[in-house]
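Understanding the architecture of this molecule
One-letter residues, chain by chain:
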Amino acid sequence: MATQTKTRKGLLGIKLGMTQMWDENNKLVPVTVVEASTNVVTQIRDAEKDGYVAVQIAFGAIDPRKVTKPRAGHFAAAGVTPRRHVGEVRTADAADYTLGQELSVDIFAVGDKVDVIGTSKGKGTAGVMKRHNFKGVSSSHGSHRNHRKPGSIGASSTPSRVFKGWKMAGRMGAERVTTQNLVVKAIDAEKGLIAVKGAIPGPKGQLVFIKTAVKGA
């Protein structure tokens, strides 16, 4: 049975884009703005029933006709309207939450460190130089016109195969990425906006999950 000892907070939101702002030291810093309007608590997990302690939150209103009956029943049991996105935050104080409770950006404070989870931009099929930062081969002295090739990928006779996990060309991006220890620079509770220092994964309009930093001081 998993035991959660740390208290963490989290919100689902939509990445709006990047801008810049002046900090308290009059330095211009890049920030990413996330719209995290009202999230609601849809389930509280406990160690006895679920094996771990967590809070399930939902975000993004959706037409009730577009959800399945089991999902509609789940939201109805929590006393909230159907939502498009659902996520969980493992936290030791899950029992302090109530079903249907609304969460806004003011659960965080300026200066807090957060981790932001999102889906990176899809790059399509990419070669080894772009995908894995390979150096490539020489551009002169007898090299053929394939300067971006990966080079040897294994011996011919022994083991007569290519080992699994070898870095090669293939699909790049469109995967879950977590950016850690970003600092909250500004909060607008009225508009449901939160600005964090630096870049976060994904394009504009992408769903992101903001959580209390795991490794933050």
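Above this text is the structure in question.
Residues numbered from 1 in each chain as written. Predicted model: local features only at pLDDT ≥ 70, side-chain atom pairs only at ≥ 80, totals over all residues. Heavy atoms only, no water.

1. A few points about the overall build of the protein
Scanning the protein from terminus to terminus reveals 3 helices and 12 strands. Overall size of the protein, expressed as C-alpha extent along the three principal axes, is 70 × 50 × 40 Å. Buried residues in the protein amount to 34% of all 217 residues. For the protein, the share of sequence-separated contacts (at least 6 apart) that also reach a separation of at least 24 residues comes to 70%. When the accessible area of the protein is evaluated, it comes to approximately 13400 Å², of which 51% is carbon and sulfur surface. Distance between charge centres in the protein, computed from 34 positive and 17 negative side chains, equals 17 Å. (Helix = DSSP H or I, 4+ residues; strand = E, 2+ residues; numbered from the N terminus. Buried < 20%, exposed > 50% of the residue type's maximum accessible area, 1.4 Å probe, protein only. Contact = heavy atoms within 4.5 Å. Areas by Shrake-Rupley, 256 points an atom, 1.4 Å probe, with all protein chains shown as cover. Lys, Arg positive; Asp, Glu negative; His and termini not counted. Charge placed at Lys NZ, Arg CZ, Asp CG, Glu CD.)

2. Let's talk about a nonpolar patch on the surface
The grouping of Val 162, Phe 163, Trp 166 and Met 168 at the surface amounts to a nonpolar patch, some 370 Å² of accessible area in total. Within the element layout of this structure, Trp 166 appears in the loop between helix 3 (128–132) and strand 9 (170–172). We classify Trp 166 as partly exposed; its relative accessible area is 44%. (Patch = residues over 30% accessible without salt bridge, like charges linked within 9 Å, V, L, I, M, F, W, Y side chains within 5 Å. Salt bridge = Lys/Arg side-chain N within 4 Å of Asp/Glu carboxyl O.)

3. Concerning a positive patch on the surface
A cluster of basic side chains, namely Lys 121, Lys 123, Lys 130 and Lys 204, defines a positive patch on the protein surface. Using a relative accessible area of 48% as the deciding quantity, one classes Lys 130 as partly exposed.

4. Section: empty space enclosed by the protein
Under the defined criterion, the tally for this structure stands at 1 cavity of 30 Å³ or more. If you trace the largest cavity, you find it lined by Arg 8, Lys 9, Gly 10, Val 55, Ile 57, Val 89, Tyr 97, Leu 103 and Ile 107. (1 Å grid on protein atoms, 1.4 Å probe; cavity = no way out; pocket = protein on both sides within 12 Å on 5 of 7 lines; lining within 4 Å. Points joined across faces, edges and corners; volume = space filled by probe spheres on them.)

5. Topic: the sheet that holds strand 5 (residues 83–89)
With antiparallel pairing, 4 strands are arranged side by side in an open sheet as 5-4-3-6. For this open sheet the edge positions go to strand 5 and strand 6 (102–103), each flanked by a neighbour on one side alone. Relative to strand 5, strand 4 (residues 54–61) is paired through 6 bridges, and the arrangement is antiparallel. When the bridges of strand 5 are listed, Gln 56 appears paired with Glu 88. (Pairing = 2+ DSSP bridges.)

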